[in-house]
Amino acid sequence: MEMLELTPDMLLRAYAIGVFPMAEDRDDTELFWVDPRMRGIIPLDDFHIPRRLQRTIRNDRFHVTFDHAFEEVIEGCAEATEIRPRTWINDRIVTLYTSLFHMRHAHSVECWRDGELVGGLYGVSLGGAFFGESMFSRERDASKVALVHLVARLRSSGFALLDAQFITDHLSQFGALEITRREYRARLAQALEVEAYFDPDSSDGDEQNLLKELAPDLD
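Residues numbered from 1 in each chain as written. Predicted model: local features only at pLDDT ≥ 70, side-chain atom pairs only at ≥ 80, totals over all residues. Heavy atoms only, no water.

### Concerning the pattern of salt bridges
Worth spelling out the cut-off: A side-chain nitrogen of Lys or Arg and a carboxyl oxygen of Asp or Glu constitute a salt bridge if their distance falls within 4 Å. The way it works is that DSSP assigns letters per residue, a run of H or I at least four long becomes a helix, a run of E at least two long becomes a strand, and they are numbered from the N terminus. When a residue's accessible area, from a 1.4 Å probe over protein chains only, is under 20% of the maximum for its type it is buried; when over 50% it is exposed; and in between it is partly exposed.
Scanning the entire structure with this criterion turns up eight salt bridges. For Asp 163, the salt bridge goes to Arg 39, with nearest N and O atoms at 2.8 Å. With Asp 163 in strand β8 (residues 161–165) and Arg 39 in strand β3 (residues 38–41), this pair connects stretches of sequence that are 124 residues apart. Arg 39 shares its class with Asp 163; the two are buried. Across the pair Arg 187 and Glu 183 runs a salt bridge, and its minimum N-O distance is 2.7 Å. Note that Arg 187 and Glu 183 are positioned in helix α7 (residues 181–192) at a spacing of four residues, about one turn of the helix. Judged by relative accessible area, which is 33%, Arg 187 ranks as partly exposed. Salt bridges linked by common partners bring Asp 35, Arg 181 and Arg 185 together as one network.

Shown next as structure tokens:
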């Protein structure tokens, strides 16, 4: 169903009831609402990191930041690649989510190597829920490392729900699972009652401890 002109406030209200917008492709000017019958989530308390990725994290290959390059990240997610020749992120999506970023309701995780942005992800925060939108990599494992750091940040900040929208092979390796729309909405309602704050400048010791827990022998 095509939507009326969408504002950032309307977008937040849509997330609060479990729906989100997409476009057919990068050049399409229209958006439509999505309300999946089966919803993908990543359990924050049962997050799994493959052994090879644990080694990558321990080797500290990437410099990871939060909210330092939001617009670059969303544009990276919108890029067409050989693996992903079509994308659902159009100019209206970029504008809307950049507005949410300035309202502190959208956030990015960036992975840098030698001063260049090589991967990352972005999403929306509302109460104790974080809605993962998209990720990209220009170097192997960059988006995966961004996801690990996101989970550590969400856990240390008291978030209760990480919405992945749809399950992919990429996410399944981390313990992502599908739940029904009814169960998702129940979990979402509970998460929205949680007071959690996504602080992009936090250097919380709890987060570092969680990273060591997620990737053992980090030292």
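### What about the packing of aromatic side chains?
Selection criterion: Each Phe, Tyr or Trp ring (for Trp, its six-membered ring) is paired with any other whose centre lies within 6.5 Å, and the angle between the two planes then decides the class: stacked below 30 degrees, edge-to-face above 60, tilted in between.
Taken as a whole and assessed by the stated rule, the structure comprises nine aromatic pairs. Aromatic side chains Tyr 15 and Phe 131 sit 4.8 Å apart centroid to centroid with 50° between the ring planes, which places their arrangement in the tilted category. Of this pair, Tyr 15 sits in helix α1 (residues 8–16) while Phe 131 sits in strand β7 (residues 129–137), and the two are 116 residues apart along the sequence. Take Tyr 15: its relative accessible area is 1%, and that puts it in the buried class. In this structure Phe 131 comes out as buried when scored by relative accessible area, which is 0%.

### With respect to unusual backbone geometry
The phi dihedral of Asp 67 is positive, around 60°, even though this residue is not glycine. Relative to the helices and strands, Asp 67 is located in the loop between β4 (63–66) and α3 (70–78). Given the relative accessible area of 16%, Asp 67 is considered buried. Even without being a glycine, Asp 114 presents a positive backbone phi close to 55°.

The quantities given are spatial measurements derived from coordinates; they are silent on function.
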